[in-house]
Amino acid sequence: MSNGKILVVDDDKNICELLRLYLENDGYTVSLAYDGESALKVFQEFRPDIILLDIMLPKMDGWQVCREIRKTSETPIIMVTAKGETFDKVLGLELGADDYIVKPFETKEVVARIKAVLRRTNISPQNEIKQVEYDKLVINLTNYEMKVDGKVVNTPPKELELIYHLASNPNRVFTRDQLLDEVWGFDYYGDSRTVDVHVKRLREKLEGVSDKWSLKTVWGVGYKFETTE
């Protein structure tokens, strides 16, 4: 039985085959694509549980592939690239990527990241419903669904986990490092700007919905989910 389906997208066939070898040995079903256009076709046919996506690709770069996938799907995406600049990391996260790995990488690190993301996005057992509710807001971590004013709002997994964590601890202030540790986990090697990007995107969805709660910045410290209830 497969642990899950993974789409690996990279124009370096040696890297693809190396990742395929490690991932298949770990029990995953793997499909490969070597350019952006092929990646979208394979994605539609293969329906992976997670995507490892290089940025510098022929025909269509990884950023555009990510944009296209995010139009119709919340499938977790881990960007894998030789570009390590903060700008590229932030852009990838703003486009909806869930994690970011910079080449050269250890294959064991990639496998660990995949396992971590899949753990976060797997549906919990039926008898364990993780949900918090406020005025005009329902955050369900069991089904990975957020409803704002009764309507389901498309929310990438990491954004949903972040707002669930904050809303589960109302009026408690979290530093960016605490949020990286508690939401992204020990296996995340990012920086605090990752948190800022996700908060910004959540604010766009939640600003002005209710006067009974809000996502607040505590200057010089971090963030909190402030409530008057």
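For clarity, every value in this text was computed on a predicted model and none was experimentally measured.

Student: What is the right way to look at the sheet that holds strand S7 (residues 137–140) in this model?
Tutor: Backbone-to-backbone hydrogen bonds pair the strands of a sheet. The strands run either parallel or antiparallel. The 4 strands are arranged S6-S7-S8-S9 in an open sheet whose pairing can be described as antiparallel. A single partner strand is all that each edge strand has here, and the edge strands are strand S6 (131–134) and strand S9 (151–153). Ignoring which end each strand starts from, the neighbouring axes of this sheet average 20° apart. Note: strand S8 (residues 145–148) against S9, 3 bridges, orientation antiparallel. What sits directly across from Lys147, in S9, is Val152. Sheet contacts for helix H6 (residues 157–167): S6, S7 and S8; angle to S7, the most-contacted strand, approximately 115°. Contacting S7, S8 and S9, helix H8 (residues 193–206) crosses the sheet at an angle of about 40° to S8.

Student: Would you take a moment to explain the packing of aromatic side chains for this structure?
Tutor: Centre-to-centre distance and the angle between the planes together describe a pair of aromatic rings. Counted by the stated rule, this structure contains 2 aromatic pairs. Judged by centre distance (4.8 Å) and plane angle (45°), the ring pair of Tyr134 and Phe225 falls under tilted. With Tyr134 in strand S6 and Phe225 in strand S12 (residues 222–227), this pair connects stretches of sequence that are 91 residues apart. When sorted by exposure, Tyr134 lands in the same class as Phe225, which is buried. Ring centres of Trp213 and Phe225 lie 5.5 Å apart, and the angle between their planes is 15°; this geometry places the pair in the stacked category. Of the two residues, Trp213 is situated in strand S11 (residues 213–218) and Phe225 in strand S12; the sequence distance between them amounts to 12 residues. Across this residue pair, the class does not change: Trp213 and Phe225 are buried. Joined through ring pairs, the aromatic side chains of Tyr134, Trp213 and Phe225 make up one cluster.

Parameters at a glance
- Residues numbered from 1 in each chain as written.
- Predicted model: local features only at pLDDT ≥ 70, side-chain atom pairs only at ≥ 80, totals over all residues.
- Heavy atoms only, no water.
- Pairing = 2+ DSSP bridges.
- Helix = DSSP H or I, 4+ residues; strand = E, 2+ residues; numbered from the N terminus.
- Axes fitted to C-alpha atoms, helices over the stretch in contact; angles between N-to-C directions.
- Contact = heavy atoms within 4.5 Å.
- Phe/Tyr/Trp six-rings, centres within 6.5 Å; stacked < 30°, edge-to-face > 60°.
- Buried < 20%, exposed > 50% of the residue type's maximum accessible area, 1.4 Å probe, protein only.

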